[in-house]
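# Chains, contacts and geometry: an overview
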Amino acid sequence: MLTGSVTTMLEERPAWLVPAAVSLFSATMLGGAFAFQYLGGLAPCVLCLYQRWPHAAAILFGLFALVLVARNPGASRWLTIFGGLALLTSAGIGLYHVGVEQLWWEGTAECGATGTPDSLEALKQQLMAQPVVRCTDIAWEMFGISMAGYNFLLSAAAGLLAIALSLPRRR
C-alpha cells in the first residue's frame, strides 16, 4: 500500500497535526465560501448555508482537541474524530445539494416553492417566502463541478482522512 517512508512519517506525526489540520481545513473552506459570497458577489442558497455549520463545528472540535492534546490525548483523539464526522456531515449535505442542483431529487421546503397556491394572497405569501437564491441554481462551477460538489469531494476526503488518522493505531 504505502511505501515505508510515508508509513513511517504518518506513524511518527506530532499529535497536534491532525486536529490542527481539521481546524485549518474547515477554516479554509469557510473562508472560501465567505470570499465567494462577499468578494465574488455570489449569494448562498439555504443548502449552501447548511453546509457551513458543520465546518464551524469541525473548527471548534479541532481547536478543543489541540487544547487537550498534551493533557488528555484520548479526549483529543475523540474530539478530532468528531471533527472528522462534522466534515462528513458537511460532505453529506453537499452531496444532497448536488442532487438538488442536478434535479435528481427535490430540495427542502426552503429551497423553493412547494405546491400550487389557491388564492392571490397564498401566491403572495409563497413569493415572499422564496429564498433569494434557489438551491437548483448553480452560481459557480469549474470542470463541471459546482461549489457543493467540491465541498462534497474535499470534505469527504478530509473527514475520512481525519478519522482514519485519529483512530488508535494497531501494532
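Residues numbered from 1 in each chain as written. Predicted model: local features only at pLDDT ≥ 70, side-chain atom pairs only at ≥ 80, totals over all residues. Heavy atoms only, no water.

### Quick word on the packing of aromatic side chains
Each aromatic ring pair is summarised here by two numbers: the centre-to-centre distance and the angle between the ring planes. Our working definition: Any pair of Phe, Tyr and Trp rings, taking the six-membered ring for Trp, is counted once the centres come within 6.5 Å. Such a pair is stacked with planes under 30 degrees apart, edge-to-face with planes over 60 apart, and tilted for the rest. The way it works is that DSSP assigns letters per residue, a run of H or I at least four long becomes a helix, a run of E at least two long becomes a strand, and they are numbered from the N terminus. Three labels apply to residues, based on accessible area from a 1.4 Å probe with only protein chains included: buried if under 20% of the type maximum, exposed if over 50%, partly exposed otherwise in between.
Tallied over the entire structure, the rule returns seven aromatic pairs. Aromatic pair Phe61 and Phe82: ring centres 5.8 Å apart, planes at 45°, arrangement tilted. Remark: Phe82 occurs in helix α4 (residues 73-101) and Phe61 occurs in helix α3 (residues 46-68); sequence separation between them is 21 residues. The class of Phe61 is partly exposed, set by a relative accessible area of 26%. Relative accessible area serves as the criterion here: at 37%, Phe82 is assigned to the partly exposed category.

### A short note on the environment of Ala139
Quick note on the threshold: Contact criterion: two residues are considered in contact whenever any of their non-hydrogen atoms come within 4.5 Å of each other.
Among the structural elements, Ala139 can be located in the loop between α5 (120-128) and β1 (141-142). On the basis of relative accessibility, which here comes to 47%, the residue Ala139 falls in the partly exposed class. Along the backbone, Ala139 and Pro44 are 95 residues apart, and their C-alpha atoms lie at a distance of 8.4 Å. For Ala139, the residues in contact, after removing those within four places along its chain, are Leu42 and Met147.

### Here's the deal with the side chain of Glu101
How we decide: Just so you know, the count uses Lys and Arg for positive and Asp and Glu for negative, and it drops His and the chain ends. Whenever Lys or Arg places a side-chain nitrogen within 4 Å of a carboxyl oxygen from Asp or Glu, that contact is recorded as a salt bridge.
Looking at the secondary structure, you find Glu101 in helix α4. This buried residue, Glu101, is left without a salt bridge; Arg52 holds the nearest opposite charge, at 12 Å. With residues near it in sequence (within four places) discarded, Glu101 still touches Cys135, Thr136, Ile138, Ser146 and Ala148.

### Some details on unusual backbone geometry
A positive phi angle is found at Leu103, which is not glycine, with a value near 65°. Along the chain, the position of Leu103 falls in the loop between α4 and α5. We classify Leu103 as exposed; its relative accessible area is 63%. Although it is not a glycine, Phe143 adopts a positive phi angle of roughly 60°. Counting through the fold element by element, Phe143 comes out in the loop between β1 and β2 (145-146).

### Some words on helix α2 (residues 17-39)
The periodicity of an α-helix, 3.6 residues per turn, causes residues three or four positions apart to be oriented the same way. Quick note on the threshold: By definition here, a helix of n residues has an expected span of 1.5 Å times n minus one.
For α2, spanning 23 residues, the distance from its first C-alpha to its last is 31 Å, which sits close to the expected 33 Å at 1.5 Å a residue. Listing the buried residues of α2 in full gives Val18, Pro19, Val22, Ser23, Ser26, Met29, Leu30, Ala33 and Gln37. Buried-residue contacts for α2 involve α3, α4 and α6 (147-166). At the C-terminal side of α2, Gly41 shows a positive phi close to 75°.

### Remarks on the environment of Ser146
On the secondary structure map, Ser146 appears in strand β2. Sequence separation between Ser146 and Val98 is 48 residues; the distance between their C-alpha atoms is 7.6 Å. Beyond its immediate chain neighbours, meaning those up to four positions away, Ser146 contacts Val98, Glu101, Ile138, Trp140 and Glu141.

### Notes on the state of the cysteines
For the record, the criterion: Disulfides are defined as pairs of cysteine sulfur atoms found within 2.5 Å of each other.
Within this structure, the stated rule accounts for one disulfide. Here Cys111 is linked by a disulfide to Cys135, with a sulfur-sulfur distance of 2.4 Å. Every disulfide takes its handedness from the sign of the S-S torsion; for Cys111 and Cys135 that torsion is -80°, giving left-handed. Separated by 24 residues along the polypeptide, Cys111 in the loop between α4 and α5 and Cys135 in the loop between α5 and β1 bring together distant segments of the chain. For the pair Cys111 and Cys135, one class covers both residues: buried. For the unlinked cysteine Cys45, the closest cysteine sulfur is that of Cys48, found at 3.5 Å. A relative accessible area of 3% places Cys45 in the buried class. In this structure Cys48 comes out as partly exposed when scored by relative accessible area, which is 24%.

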